[in-house]
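Chain by chain, the residues:
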Amino acid sequence: MCGVFGIRSTERDVARLAYFGLFALQHRGQESAGIAVSDAGRLMVMRDMGLVSQVFTEQKLQGLHGDLAIGHTRYSTTGATHWANAQPLIHHGRARTVALGHNGNLTNAAELRAELLEAGVKLGSTSDTEVIAALIAHDEAPLEEAIANAMRRLVGAYSCVALTEGVLVAFRDPLGFRPLCLGRIGDDWCVSSESCALDLIGAVYERDVHAGEIVLVDAANELRSTMAAPARPDGALCIFEFFYLARPDSRLDAVEVHGARVRMGERLAAEAPAIADLVMPIPDSGTPAAIGFARASGIPFSEGLIKNRYVGRTFIQPDQGLRQLGIKLKFNPLAEVRGQRIVVVDDSIVRGNTTQQIVQMLFDAGATEVHVRVSSPPVVSQCYYGIDLADEDELIAARRTVEEVREHIGATSLSYISLEGLQEAVLRPESAVCRACLTRKYPTAIPTGAATAKMKFEVTPA
Ligand code: SF4
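Quick look at the structure, then. These numbers were taken from a predicted model, which means no experiment stands behind them. (Residues numbered from 1 in each chain as written. Predicted model: local features only at pLDDT ≥ 70, side-chain atom pairs only at ≥ 80, totals over all residues. Heavy atoms only, no water.)

Let's shift gears to the site of the ligand. What surrounds the ligand is the set Arg178, Cys238, Ile239, Phe240, Cys383, Tyr385, Ile387, Cys434, Arg435, Ala436 and Cys437. Every element with two or more residues in the shell around the ligand is listed here: α8 (239-245) and α14 (436-439). (Near = heavy atom within 4 Å. Helix = DSSP H or I, 4+ residues; strand = E, 2+ residues; numbered from the N terminus.)

So, in structure tokens, the structure goes:
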């Protein structure tokens, strides 16, 4: 999962606005961050490993001038974790130079990459993103046609922002797996993975970039739109975005995420009631569904668990003697759970280890019953479209019944929302979303074989 942002303005400090846009999208990727600017067509990029606030300083931002900017926050799915894969990537091709940021995952990246290498194209990174940039950069057709030609070759998920030829470009795969929306700040156009970034910079949400659409904002600030792929009545917007990935204050396909999560909790309370004294979330993504559960069931809501918000992905690992710190690094229960029957609401159970430790922690804190309620159906299969869930044999629900999962996590009871219940909560028909990790029905061809599944490539330095 990644976050992308783009803006065009001759009046505003585009690099600074991209910085704040990325800041709002930080939840979509914490591994690396970058901003590329175009100043009268000249491209410059600054990217590094780390959080947005670690990568950019005031001084660095002041060095990024231009009338166009794109930004990216990365959480690696395809390609290894190292600097060369930080984005935006710049690729110099026969026809043009392209700076590109990508959210998603191609399922045919290995074939396309092999073709490009065969044709003598030098690739400097191991990510599938450079494959997209290279296809556009080496195509001598006019820009819009070159992007459309590339899109006809790409299979999988891609919501992209790019700078080339002094133009800001955004395009989205024909099934629209990953979100991408357009906004306006005054007369200036901007584009973002999620609407929460538009809110932060004071932009107004205009609409989503359509699945299969190419949007270009040119030097005259004119917005041009072309459909690269024929409009389809269906789509495949990732349903995981609704219950876990997106920020609750974002709108996906015009549906407010927080409201959808509250509806999931209300539905869970109707489908899987529990006799209990308190409803509490596993913070933060379980909170709206816990609010919905409490509201619909009439059981009081409690914070229950306090989360340390400063635990990042890279903290000093406890040594053997401190292993018992475990989950306590992240959560600590409140005294009020003692002697209580508790409903714990989480957004999903992937491997099950965290849930197991939280259940144990609540019993240790004196809870008499722990009823786990989950606002997604069991996750049974891996994602090929940009979410690093886990391989199928690591997914706890892939080969276990609900009762076996309950036993594993040690809960008093366990229930998941039904697929129909989730579908109704997101206000989108089944034909409009991807649910493949819940149903094993993939909307595109998927790579076969474990080696291609994760699509790890060797580095070929440019
Ligand atoms: Fe989202 Fe799951 Fe589809 Fe991946 S497989 S795009 S996580 S719904």
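Attention shifts here to the packing of aromatic side chains. A full pass over the atoms with the stated rule returns nine aromatic pairs. Both rings, one in tyrosine 19 and one in phenylalanine 56, keep their centres 6.3 Å apart while their planes meet at 85°; by these two values the pair is edge-to-face. Pair noted here: tyrosine 19 is in helix α1 (residues 14-24) and phenylalanine 56 is in the loop between α2 (52-55) and α3 (58-62), with a separation of 37 residues, a long-range link. Residue class for tyrosine 19 comes out buried when judged on its relative accessible area of 14%. Residues phenylalanine 177 and tyrosine 385 carry aromatic rings whose centres are separated by 4.1 Å and whose planes lie at 20° to one another, so their mutual orientation is stacked. With a gap of 208 residues between them, phenylalanine 177 in the loop between β8 (167-172) and β9 (181-185) and tyrosine 385 in the loop between β21 (369-374) and α12 (402-409) connect regions that are remote in the sequence. Classification of tyrosine 385 as buried rests on a relative accessible area of 1%. An aromatic cluster of at least three residues, connected via ring pairs, comprises Tyr19, Phe20, Phe23 and Phe56. In this arrangement the basic side chain of arginine 47 is found over the ring face of tryptophan 83, its NZ or CZ atom lying 4.1 Å from the centre. Seen from the ring of tyrosine 205, arginine 251 lies directly overhead, with NZ or CZ sitting 5.0 Å from the centre. (Phe/Tyr/Trp six-rings, centres within 6.5 Å; stacked < 30°, edge-to-face > 60°. Buried < 20%, exposed > 50% of the residue type's maximum accessible area, 1.4 Å probe, protein only. Lys NZ or Arg CZ within 6 Å of the ring centre and 35° of its normal.)

Among the residues making up helix α10 (residues 287-297), those that are buried are Pro288, Ala289, Ala290, Gly292, Phe293 and Ala294. On its buried face, α10 is in contact with α9 (257-271), β17 (278-281), β20 (341-346) and β21. One or two steps after α10, the chain reaches glycine 298, where phi turns positive at roughly 80°. (Contact = heavy atoms within 4.5 Å.)

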